[in-house]
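What follows is the residue order along each chain.
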Amino acid sequence: MIQTFSLSPGVTLRCCCDGRFKQGCLSLQLVRPMGADEAAMNALLPTVLLRGTVRHPSLRSITLALDDLYGASVSPQVRRVGDYQTTGLYCGFMDERFALPGDRVLEPMAEFLRELLLESPLENGGFLERYVESEKKNLISSIQCDLNDKQVYAMGRLLKIMCREDSFGLPRLGEPEQVAAITPQGLYRHHQRILAESNFQLFYVGSRAPEQVAELLAPLLDFGRREPVPLPPQTDFHPCPGQDVTETMDVTQGKLCLGFTTPITNREPDYPAMQVLNQVFGAGMTSKLFMNLREKESLCYSIGSGYYGSKGILTVSAGIDSAQRDRVQAGILHQLQLCAQGEITPGELENAKQGLLSGLRAAHDSPGAIESYYSGGVLSGLQLSPEEAMARIQAVTLPQLCRAAQSARLHTTYFLTEGRSEE
């Protein structure tokens with residue numbers, strides 16, 4: 001059971017008291033409206049904060065401090081959920097039940113989290129230049145790694161084109177040129193601004209009583225006078241004309257991506273039906289796309305579908321012989337049409353439900369899984385326990401699947417094919 005506390009204006013704590021694990025976790029996220037002007041800075045900020053503090057000015061010093069906390073860890077956490085981007089830190093640590101008598105872990109962990117957030121060393125009105133420049137290189141490298149996975153690259157291009165008038169088309173980590181333009185002074189000013197105006201979401205998993213955790217964290221996370229800006233609600237897909245785009249690159253196989261829109265988001269009653277439809281259609285090795293286009297007809301090397309419930313977007317991604325592009329696209333649309341006509345076997349429906357139920361059962365398998373499930377749900381606008389979500393999945397009927405499939409409309413296609421790169 002999740003208990004929620006308002007620690008101060010714009011600062012919310014959620015606690016899951018669970019004594020099954022030897023490890024606990026504490027995450028802190030600053031929730032921001034996704035924006036092209038700050039996405040890269042939000043992605044860079046937590047890595048710079050983790051480079052050092054005034055009292056622990058190096059990675060080695062930070063590592064030694066965490067070692068003293070029974071080998072605790074702190075990692076950057078950058079998420080994109082619908083219209084929101086989060087930037088923050090995730091702490092993993094040993095649950096105090098397993099510490100030596102009299103030792104405390106949560107209190108010093110929370111104090112260290114505050115130190116990382118607020119006590120960075122400064123120079124010339126900004127963060128240390130060597131920290132910023134080093135982490136900029138690392139972030140740019142991470143972004144450019146997508147070029148090495150052409151399927152990931154192609155899906156990113158599809159979403160950029162399809163959502164060109166929607167914040168969902170912005171890459172979670174920003175663009176390389178945006179990262180390169182960040183200065184230590186600009187990043188520090190951004191840090192100060194988002195501390196003052198962002199909504200803070202904290203999540204704790206461990207054996208401590210939630211009331212004790214709230215009492216501990218409230219003074220540690222008192223940042224003085226703040227005027228948090230209310231977050232706008234999540235929105236559906238912003239309509240814009242669809243496109244059919246083909247690009248060339250030095251690739252060994254073509255990458256075909258299709259983007260469909262649906263009015264069914266995770267804020268709608270038919271959301272569970274759309275989840276199950278996605279499983280039946282293409283999300284898994286028992287799906288129609290995999291079993292028919294790949295296994296029976298050998299039309300593609302790989303194929304799968306995905307559903308972004310926060311925006312109402314259904315996607316299909318396939319690795320193909322470029323000469324088969326038209327046949328593959330026709331086959332994808334045909335399988336969706338079969339779903340809309342109700343041509344779904346009892347076995348297909350059961351396999352789809354079991355795939356989703358298995359994932360939901362895993363939501364309570366670790367502190368990190370619990371934190372991810374509930375934090376993502378809060379941000380996306382869907383606050384259901386795994387058990388409640390499972391009950392809704394199990395209740396989905398064939399007619400509901402038909403209506404979900406009928407609601408999907410092809411919006412944008414993106415095809416990456418062999419040829420000289422246009423870059």
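Residues numbered from 1 in each chain as written. Predicted model: local features only at pLDDT ≥ 70, side-chain atom pairs only at ≥ 80, totals over all residues. Heavy atoms only, no water.

(A) Examining the nonpolar core more closely. Within the largest apolar cluster, 59 residues are counted, with the highest numbers of intra-cluster contacts made by Leu-13, Phe-93, Met-109, Leu-187 and Leu-217. In this structure Leu-187 touches Met-41, Leu-44, Leu-45, Val-48, Phe-127, Val-132 and Ile-182, once residues within four positions along its chain are discounted. Core analysis: the next-biggest nonpolar cluster, separate from the first, contains 41 residues, Ala-318, Ile-344, Ala-352 and Ile-393 among them. (Core = buried A, V, L, I, M, F, W, Y, C linked by side-chain atoms within 4.5 Å. Buried < 20%, exposed > 50% of the residue type's maximum accessible area, 1.4 Å probe, protein only. Contact = heavy atoms within 4.5 Å.)

(B) Summary view of the sheet that holds strand S11 (residues 302-308). Spatially, S9-S13-S10-S12-S11 is the arrangement adopted by the five strands of the open sheet, whose pairing is mixed. Taken across any chain shown, the strands that pair with only one partner, and hence form the sheet edges, are strand S9 (244-249) and S11. Ignoring strand direction, the axes of neighbouring strands in this sheet form an average angle of 15 degrees. Two strands pair when backbone bridges link them, and strand S10 (residues 254-261) and strand S13 (residues 409-418) are joined in this way by seven bridges, in the antiparallel orientation. Directly across from Leu-256, in S13, lies its bridge partner Phe-415. (Pairing = 2+ DSSP bridges. Helix = DSSP H or I, 4+ residues; strand = E, 2+ residues; numbered from the N terminus. Axes fitted to C-alpha atoms, helices over the stretch in contact; angles between N-to-C directions.)

(C) Quick peek at helix H1 (residues 39-49). In terms of burial, H1 is a largely internal element, 11 of the 11 residues being buried. Among the residues of H1, Ala-39, Ala-40, Met-41, Asn-42, Ala-43, Leu-44, Leu-45, Pro-46, Thr-47, Val-48 and Leu-49 are the ones counted as buried.

(D) Spatial organisation of the sheet that holds strand S4 (residues 73-81). In spatial order, the strands read S1-S2-S8-S3-S5-S4; together these six strands make up an open sheet with mixed pairing. Each edge of the sheet is formed by a strand with only one pairing partner; in this case those strands are strand S1 (2-8) and S4. The sheet shows a mean angle of 20 degrees between the axes of neighbouring strands, taken without regard to direction. Pairing of S4 with strand S5 (residues 84-94) involves nine bridges; the strand directions are antiparallel. Along S5, the bridge assignment pairs Arg-80 with Gln-85. Across the sheet, helix H3 (residues 106-118) touches strand S3 (23-33), S4, S5 and strand S8 (199-206), and the angle it forms with S5 is around 145 degrees.

(E) Highlighting the packing of aromatic side chains. The tally for this structure, following the rule as stated, stands at five aromatic pairs. Ring geometry for Phe-168 and Tyr-308: centres 5.2 Å apart, planes at 70 degrees, overall edge-to-face. Linking Phe-168 in the loop between helix H5 (150-162) and helix H6 (176-180) with Tyr-308 in strand S11, this pair joins segments that are 140 residues apart in sequence. Take Tyr-308: its relative accessible area is 27%, and that puts it in the partly exposed class. Measuring from centroid to centroid gives 5.1 Å for Tyr-373 and Tyr-374, while their planes differ by 90 degrees, and the two rings are edge-to-face. The class of Tyr-373 is partly exposed, set by a relative accessible area of 22%. Judged by its relative accessible area of 13%, Tyr-374 falls in the buried class. We note Arg-80 situated over the ring of Phe-168; from NZ or CZ to the ring centre the distance is 4.4 Å. (Phe/Tyr/Trp six-rings, centres within 6.5 Å; stacked < 30°, edge-to-face > 60°. Lys NZ or Arg CZ within 6 Å of the ring centre and 35° of its normal.)

(F) Quick peek at the side chain of Glu-115. Considering the arrangement of structural elements, one finds Glu-115 in helix H3. You can call Glu-115 buried: its relative accessible area is 4%. Within the structure, the side chain of Glu-115 is placed 2.7 Å from the side chain of His-56, a separation counted as a polar contact. (Polar contact = N/O pair within 3.5 Å; in protein donor to acceptor, adjacent residues only side chain to side chain.)

(G) Expanded view of the pattern of salt bridges. Using the criterion set out here, one finds 21 salt bridges in the structure. Measuring nitrogen to oxygen at the nearest pair gives 2.9 Å for the salt bridge that ties Asp-95 to Arg-97. Residue class for Asp-95 comes out buried when judged on its relative accessible area of 3%. (Salt bridge = Lys/Arg side-chain N within 4 Å of Asp/Glu carboxyl O.)

Note that all results are geometric; they support no functional claim without further evidence.
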